[in-house]
Amino acid sequence: MVIVMKKQATERQLSRVLARVEEVGMQPHLSRGKVRTIIGVVGDNNDQSPDTFESLEGVERVVPLLGPFKLASRDFKKENTCFSIDGAKIGEKKIIMIAGPCAVESKDQILQAALAVKKAGAVALRGGAFKPRTSPYSFQGLGEDGLKLLAEARDVAGLAVVTEVVAPEQVPLVSQYADVLQIGARNMQNFALLHAVGESHKPVVLKRGLMSTIDEFLHAAEYILSHQNPRVILCERGIRTFETHTRNTVDINAIPVLKSLSHLPVIVDPSHGTGKREYVAAVSRAAIAAGADGLMIEVHPDPEKALSDGAQSLRPEEFQQLMDDLRPVAEAVGRYM
Ligand code: PEP
Ligand code: MN
């Protein structure tokens, strides 16, 4: 970072700032201009925030040179982070498809969904057993019974299981059944939960909050990484805007921005992003063209009867069609399905 001193800063104030830089284990490099003095601050102690120096007398401002997040940042790690989800590598050339119903509703429903998405080429089954619903009167999920059904579907279909955890104390339970833990949009800044999944050592799909900036999103990822869990997948799932034709607005910009700021894999959820089945395919194509490493898609064997998010869920045959339609798009950008 660079500390810019005020024009009228005194020598005494300057000495105090230089001493403070050394006190926190960093090295100051002084540069005296005609009008102003600036101090370049270098060293391994990147944990120091600008606040350490901003409050000192004589300091006008502090300009960070590296981003505010460290472990999530491309500055920290140049190469893409790739890891395996039950054998399938995310972050490499293959586009990873995670598909399944919004919620686990019954054995029949989850098995049908699992077999259908597996046949079409998905590598992981999604489905909530604990549902964070806007209304307390909406279906809240089957809880542990839902987790057991997911585990059964995993064995029958041969898919990894991605499922949401909504509270820190549930992390051990959900981890017994899940291959990947999902942090939902509403919990993106639940720091106790981020801490708990950081310590779980399961891969995590972190969904972007409805009203979160990309910086806030990456800070949330940083919480997980800083608790010793390097396997984080960032999921753009649409943000809330003034637009009402769709449930959310998928921030396609976020894909290249996240890819440039961070080494973490990025996936997109066009189901929650649009809220409408008929728009899922177009936004899926856009996401892959923009560089996403995978997609999370809601698929239900009978969307009309779904207990949640039926309007945005694809039927099995529509998911199969989507997979076929995405293949040439993936190939056009040097990837495959
Ligand atoms: C979900 O994926 O089941 C879900 C609830 O999504 P979001 O957290 O993005 O709203
Ligand atoms: Mn849903």
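The rules behind each value
Sequence order as written defines the numbering, with residues in each chain counted from 1. Chain letters start at A and ligand numbers start at 1, both assigned in the order the entries are written. Two thresholds apply to this predicted model, a pLDDT of at least 70 for residue-level local features and 80 or more for giving and counting side-chain atom pairs, whereas whole-chain, interface and lining totals are computed over all residues. The basis for every side-chain value is the complete set of non-hydrogen atoms in the structure, without hydrogens or water. In the sections that follow, a salt bridge refers to a side-chain nitrogen of Lys or Arg positioned within 4 Å of a carboxyl oxygen of Asp or Glu. Here a strand is any run of E in DSSP of at least two residues, a helix any run of H or I of at least four, and the numbering for each starts at the N terminus. Burial classes follow relative accessibility: with a 1.4 Å probe on protein chains only, a residue under 20% of its type's maximum area counts as buried, one over 50% as exposed, and anything between as partly exposed. Pairing between two strands is assigned when DSSP locates at least 2 bridges connecting them. As a rule, the C-alpha atoms of each element are fitted with a line to give its axis, helices using only the stretch in contact, and angles between N-to-C directions run from 0 to 180 degrees. When checking whether two residues touch, look at their non-hydrogen atoms; a contact exists if any pair is within 4.5 Å.

**Quick word on the pattern of salt bridges**
If you walk through the whole model with that rule in mind, you get 20 salt bridges. Ionic pairing is found between R126 and E298, a salt bridge with its closest N-O pair at 3.4 Å. Taken as a pair, R126 in strand β8 (residues 124-126) and E298 in strand β14 (residues 294-298) lie far apart in primary sequence, 172 residues in all. Like R126, the residue E298 is buried in the burial classification. Residue D302 pairs with K305 through a salt bridge whose shortest N-O separation is 3.3 Å. Connected through shared salt-bridge partners, R16, R20 and E23 make up one network.

**Description of the sheet that holds strand β10 (residues 180-183)**
Within a beta sheet, neighbouring strands are joined by backbone hydrogen bonds and run either parallel or antiparallel to one another. One closed barrel holds the eight strands; their spatial order is β7-β8-β9-β10-β11-β12-β13-β14, and the pairing between them is parallel. Neighbouring strand axes in the sheet, compared pairwise and without regard to direction, differ in orientation by 25° on average. With five bridges joining them, strand β7 (residues 96-100) and β14 adopt parallel strand pairing. Among the inter-strand pairings, A99 is bridged to a residue of β14, identified as I297. Strands in contact with helix α8 (residues 254-261) are β12 (232-236) and β13 (266-268); relative to β13, the strand with the most contacts, it is inclined by about 165°. Strands in contact with helix α10 (residues 277-289) are β13 and β14; relative to β14, the strand with the most contacts, it is inclined by about 165°.

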